[in-house]
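Architecture and fold: a report
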There are 2 protein chains.
Amino acid sequence: MEIKKEHYFLQTDLAGMEQRFRTHLINSIGGFKSLALIGSIDKAGQSNLAVFNSIVHLGAHPPLIGCIVRPDSVERHTLSNILEAGYYTINHVNEAIYKQAHQTSARYPKTQSEFEAVGLHEEYKNDFAAPFVKESSIQLGVMFKEKLDIVLNGTTLLVGEIVCIYYPEHCLLQDGHMDLEAAGSITCSGLDTYYGVKRLSRLSYAKPDTLPREVD
Amino acid sequence: MEIKKEHYFLQTDLAGMEQRFRTHLINSIGGFKSLALIGSIDKAGQSNLAVFNSIVHLGAHPPLIGCIVRPDSVERHTLSNILEAGYYTINHVNEAIYKQAHQTSARYPKTQSEFEAVGLHEEYKNDFAAPFVKESSIQLGVMFKEKLDIVLNGTTLLVGEIVCIYYPEHCLLQDGHMDLEAAGSITCSGLDTYYGVKRLSRLSYAKPDTLPREVD
């Protein structure tokens with residue numbers, strides 16, 4: 001397959017770009033993204049729900065997960081709740097709820113819970129201190145560990161430890177891999193475009209002297 | 001849709017889990033991931049290519065992009081090259097090259113270029129100091145800006161500024177959004193499972209008093 005790439009932007013093009021155009025371009029150009037709702041609650045019992053597409057795997061031993069928070073956005077309520085309570089939830093988005101998930105990015109006042117505003121339901125269980133999203137198929141309970149400030153643009157890498165995982169039974173494979181397609185999880189690109197997935201294949205562990213083969 | 005979630009792991013389950021099982025579980029549980037090949041070169045002219053699924057959008061003004069590097073893995077060659085040269089490339093993976101992309105995760109010696117080992121081709125252009133992947137439909141040239149160490153598990157957040165973007169003409173929408181499905185880009189989950197995508201919809205900017213509508 002010969003791919004034509006006649007078009008490009010160089011550094012001066014990027015620097016001179018209209019701001020909204022650059023926002024769309026740079027948000028979409030990094031590839032498909034994780035898509036999850038982060039649930040949190042403050043000490044007064046006010047819950048909050050926000051859509052994130054910057055979840056990143058940090059390591060399995062201990063089980064660490066990160067996400068990027070922009071303090072000047074609606075995400076600031078999530079960040080302040082997490083720093084206050086120490087716990088939060090990460091809930092996968094599926095096809096049935098992605099419009100509600102998107103709607104959580106509207107600028108609701110702090111006194112209004114996005115759960116109620118968008119029509120999703122809080123779920124509390126096993127004494128975990130933050131609300132899960134009842135309509136979500138895969139739910140993670142996460143304990144705040146650390147925040148790292150990215151001084152270059154004022155964003156924050158939030159680091160948490162996964163302390164519990166709720167999942168549909170049929171999605172867990174024998175070796176521990178979770179089948180996200182079976183769970184109905186979806187992905188996104190840019191600020192606003194949502195995608196379903198279809199598996200191409202699962203490949204064997206790569207070794208220098210053999211080619212990967214399809215497994216499962 | 002009523003989703004049954006009878007199954008769960010609590011903190012003690014996670015702590016007591018067989019290590020390989022936990023690796024698969026935690027790697028897959030965070031959601032779908034970006035999938036890209038990072039190209040780099042050392043001062044002696046030895047190129048390197050490594051697959052990453054931890055690319056994360058950091059901000060559009062300036063255009064910053066991050067990725068997580070595990071220093072104890074094959075990714076260490078990429079990291080040392082980037083720190084040495086100051087420039088690297090991020091190249092989207094498509095259906096035609098994902099097996100080669102996967103194969104770059106094999107432990108080749110530093111003296112062997114993964115480009116040659118897996119059958120992908122280096123492309124140099126516009127005086128950019130690192131090799132692009134010729135077979136990749138979307139290619140980013142990135143300048144190293146900063147690294148942040150995540151002390152909890154010894155990983156590193158690598159922060160770079162996007163300084164050039166090569167893309168197929170038909171993929172760029174009028175408002176700057178890049179259509180990654182049209183570009184053939186794919187996504188992945190866990191360590192080894194690859195997925196094509198199909199667009200559900202693009203939604204309008206969310207405002208508190210109206211529901212999002214489909215655009216385009």
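Residues numbered from 1 in each chain as written. Chains lettered and ligands numbered in written order. Predicted model: local features only at pLDDT ≥ 70, side-chain atom pairs only at ≥ 80, totals over all residues.

1. Some points on the overall build of chain A
The cut-off we apply is this: Secondary structure elements follow DSSP: runs of H or I no shorter than four residues count as helices, runs of E no shorter than two count as strands, and numbering proceeds from the N terminus. The globule rule is 2.2 Å times the number of residues to the power 0.38, and the radius of gyration it is compared with is taken over C-alpha atoms. Remark: C-beta atoms are placed from the backbone, and a residue is labelled buried if 20 or more other C-beta atoms sit within 10 Å of its own, exposed if 12 or fewer do, or partly exposed between those counts. Here contacts are defined at the residue level, using C-beta atoms placed from the backbone and a cut-off of 7 Å between them.
When helices and strands are tallied, chain A shows 5 helices and 13 strands. Whereas a compact globule of 216 residues would reach a radius of gyration of roughly 17 Å, chain A reaches 19 Å, a difference of no more than 12%. Taken over the C-alpha atoms alone, chain A extends approximately 60 × 50 × 30 Å along its principal axes. Residue burial in chain A is summarised as follows: out of 216 residues, 54% are buried. By sequence separation, contacts in chain A at least 24 residues apart represent 59% of the contacts at least 6 residues apart.

2. Notes on helix α3 (residues 75-85) of chain A
All names here are of chain A. When we look at burial in α3, the residues that qualify are Glu75, His77, Thr78, Leu79, Asn81 and Ile82. Elements that come into contact with the buried residues of α3 comprise β2 (36-41), β3 (47-52), β5 (63-69), β6 (87-92), β9 (139-150) and β10 (155-167). Once α3 finishes, Gly86 follows within two positions and takes phi at roughly 85°, a positive value.

3. Some details on the relation of the copies chain B and chain A
Test applied: Residues reaching a pLDDT of at least 70 in both copies supply the C-alpha atoms on which the copies are superposed by least squares.
Rotating chain B by 180° and translating it 0.0 Å along the rotation axis places it on chain A, where the RMSD comes to 0.0 Å. Taken together, the turn and the small shift mark the pair as related by a two-fold rotation axis. Among all residues of chain B, the one whose C-alpha sits closest to the rotation axis is Val197 of chain B, at a distance of 2.2 Å. When the interface residues of chain B are mapped onto chain A, 100% of them are again interface residues, pointing to one common binding face.

4. Regarding the interface of chain B and chain A
To keep it simple, the criterion reads: When residue character is reported, Ala, Val, Leu, Ile, Met, Phe, Trp, Tyr, Cys and Pro are called nonpolar, Asp, Glu, Lys and Arg charged, and the others, Gly included, polar. By definition, two strands form a pair when at least two bridges between them are found by DSSP.
Chain B puts 101 residues into the contact, and the matching count from chain A is 102 residues. For the side of chain B that touches chain A, the element with the most residues is strand β12 (residues 193-203) of chain B, which contributes 11 residues. Taken together, the residues of the side of chain B that touches chain A sort by class into 52 nonpolar, 31 polar and 18 charged. One ladder, built from 9 bridges, connects strand β12 (residues 193-203) of chain A with β12 of chain B; its direction is antiparallel. Bridge pairing links Tyr195 of chain A to Arg199 of chain B in β12 of chain B.

5. Remarks on helix α2 (residues 19-29) of chain A
Taking burial as the measure, the 11 residues of α2 of chain A include 8 buried ones, the bulk of the element. Along α2 of chain A, the residues that are buried comprise Arg22, Thr23, His24, Leu25, Ile26, Asn27, Ser28 and Ile29 of chain A. Contacts from the buried residues of α2 of chain A go to α1 (11-15) and β11 (187-189) of chain A together with β4 (55-60), β5 (63-69), β9 (139-150) and β10 (155-167) of chain B. In the stretch just after α2 of chain A, Gly31 of chain A is the one whose phi turns positive, near 110°.

6. Considerations on unusual backbone geometry
All names here are of chain A. Look at the link from His61 to Pro62: it is a cis peptide, with omega at 0°. Residue placement: Pro62 occurs in the loop between β4 (55-60) and β5. For Asp127, which is not a glycine, the phi torsion comes out positive at approximately 60°. Inspection of the secondary structure assignment puts Asp127 in the loop between β7 (122-123) and β8 (132-133).

7. Re the environment of Glu122 of chain B
All names here are of chain B. Tracing the sequence through the fold places Glu122 in strand β7 (residues 122-123). Glu122 gets classed as partly exposed once you count the C-beta atoms within 10 Å, which come to 17. Contact partners of Glu122, with chain neighbours within four places excluded, come to Ser47, Phe115 and Pro131.

8. Some details on the pairing of β12 of chain B
Each regular strand displays side chains that alternate between the two surfaces of the sheet. All names here are of chain B. Sheet analysis places strand β11 (residues 187-189) next to β12, joined by 3 bridges and oriented antiparallel. Bridge pairing in β12 places Ser189 opposite Thr193. Remark: 3 residues form the turn of the hairpin made by β11 and β12, two consecutive strands paired antiparallel; Gly190 in that turn has positive phi of roughly 60°. Relative to strand β13 (residues 214-215), β12 is paired through 2 bridges, and the arrangement is antiparallel. Residue pairing across strands places Arg202 opposite Val215, the latter belonging to β13.

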